[in-house]
Amino acid sequence: MFVTTILLALSGLSLGFHSQVPQLDGRIVGGTPVDIEKFPYQVSLHYLGSHVCGASIISPKYVVTAGHCTFGRIAFSMQVRAGSSLKGSGGELVGVDEFVRHPQYNQRNSDYDIAILILSRELTLGSSIPLPNDNDEFAPGSKATASGWGALSEGGSSPERLQAVDIAIVSRKECNSVYNITDRMICAGVLEGGKDSCQGDSGGPLLCNGVLAGIVSWGNGCARPGYPGVYASVPNLRGFIRRVTGI
């Protein structure tokens, strides 16, 4: 997956998987354009007026995204666009009053990569994505879907229209053969490559079994054979969501 190297990505560094600093990028590779009606929980997170990450509605007042999407940023310069298939127009723009990043978020290895955005008013468009139970597990091979407005290829351009791609949950054993993941991470992708999330998809949803299974977090490049995407595990971080939102 992906995402632009954790804040280092912002400087244009490209780190291999041997590095202990994950590449935070996030874009959809190998997917297709989709309508927001099929992904009503998806929002575009804007900073200073531009799309920077994806995020998911969990209630009209709360949105969940990746912790690294808030790092070094201030809430009053953030907005979310809901109810639009387009990242730059349509739907509704709602400001962010504040965000709560997980207190154990680790910039070095992207552990605990989750943040809750508290909106300035309730959303009138979109709908909430169902949340998993604490410590739910998703069987390897289970179908999963990632969505977002990220780059269409590694280092490539980003689309204006929402994209989605079907991938599969990858076992912890397989994922640990190429990455050093923690209990707060799960992996998904296509091991032969060609389908993945990528830069700009960071913070967006990974849907599996009808619930928010993961949050786009990091990976080695985008859609490279043998390197699945790494997502923050929502079941493992469910308690944090409950403490902040009461949901």
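Structure first, text after, so check above.
Residues numbered from 1 in each chain as written. Predicted model: local features only at pLDDT ≥ 70, side-chain atom pairs only at ≥ 80, totals over all residues. Heavy atoms only, no water.

**Student:** Even after reading the chapter, I still don't get the pattern of salt bridges, so can you show me in this structure?
**Tutor:** The full count for this structure, using the stated rule, is 6 salt bridges. Note that Arg161 is salt-bridged to Asp35, the shortest N-O span being 2.2 Å. Linking Arg161 in the loop between strand 8 (143-148) and strand 9 (163-170) with Asp35 in the loop between strand 1 (32-33) and strand 2 (42-47), this pair joins segments that are 126 residues apart in sequence. Put simply, Asp166 and Lys143 hold a salt bridge, and the shortest N to O gap is 3.7 Å. Placement of Asp166 in strand 9 and of Lys143 in strand 8 is noted, with a sequence separation of 23 residues between them. You can call Asp166 partly exposed: its relative accessible area is 39%. (Salt bridge = Lys/Arg side-chain N within 4 Å of Asp/Glu carboxyl O. Helix = DSSP H or I, 4+ residues; strand = E, 2+ residues; numbered from the N terminus. Buried < 20%, exposed > 50% of the residue type's maximum accessible area, 1.4 Å probe, protein only.)

**Student:** Can you walk me through the sheet that holds strand 3 (residues 50-59) in this structure?
**Tutor:** Strand pairing in a sheet takes place through backbone hydrogen bonds and is either antiparallel or parallel in direction. The antiparallel closed barrel is built from 6 strands, whose spatial order is 2-3-4-7-6-5. The sheet shows a mean angle of 45° between the axes of neighbouring strands, taken without regard to direction. With 5 bridges joining them, strand 2 and strand 5 (residues 78-82) adopt antiparallel strand pairing. In the sheet register, Ser44 faces strand 5, and the bridge partner there is Arg81. Along the sheet, helix 2 (residues 238-245) contacts strand 3, strand 4 (62-65), strand 6 (92-101) and strand 7 (115-119); its crossing angle with strand 7, the most-contacted strand, is approximately 25°. (Pairing = 2+ DSSP bridges. Axes fitted to C-alpha atoms, helices over the stretch in contact; angles between N-to-C directions. Contact = heavy atoms within 4.5 Å.)

**Student:** Looking at this structure, how should I read the environment of Glu160?
**Tutor:** Within the secondary structure layout, Glu160 lies in the loop between strand 8 and strand 9. Take Glu160: its relative accessible area is 36%, and that puts it in the partly exposed class. When the C-alpha positions of Glu160 and Gly88 are compared, they lie 7.0 Å apart, and in sequence the two are 72 residues distant. Setting aside its immediate chain neighbours within four residues, Glu160 contacts Ser85, Leu86, Lys87, Gly88, Ser89 and Trp149.

**Student:** Just to check I follow, could you spell out the side chain of Ser233 for this structure?
**Tutor:** Tracing the backbone through its elements, the reader meets Ser233 in strand 13 (residues 229-233). For Ser233, a relative accessible area of 6% translates into the label buried. Look past the residues within four positions of Ser233 in its chain and what remains in contact with it is Asp183, Arg184, Met185, Ile186 and Ala213.

**Student:** Could you clarify how one ought to interpret the layout of surface pockets in this entry?
**Tutor:** A water-sized probe, rolled over the atoms, reveals where empty space remains. Considered as a void within the structure, the largest pocket measures approximately 350 Å³ in volume. Around the largest pocket, the lining is made up of 17 residues, and of these Asp136, Glu137, Phe138, Arg172 and Ile186 lie nearest the centre. Among the secondary structure elements, those contributing two or more residues to the lining of the largest pocket are strand 9 and strand 10 (185-189). For the lining of the largest pocket, the leading source of residues is strand 10, giving 3 residues. Here the lining of the largest pocket is built from residues that sort into 9 nonpolar, 4 polar and 4 charged. (1 Å grid on protein atoms, 1.4 Å probe; cavity = no way out; pocket = protein on both sides within 12 Å on 5 of 7 lines; lining within 4 Å. Points joined across faces, edges and corners; volume = space filled by probe spheres on them. Nonpolar A, V, L, I, M, F, W, Y, C, P; charged D, E, K, R; others polar.)

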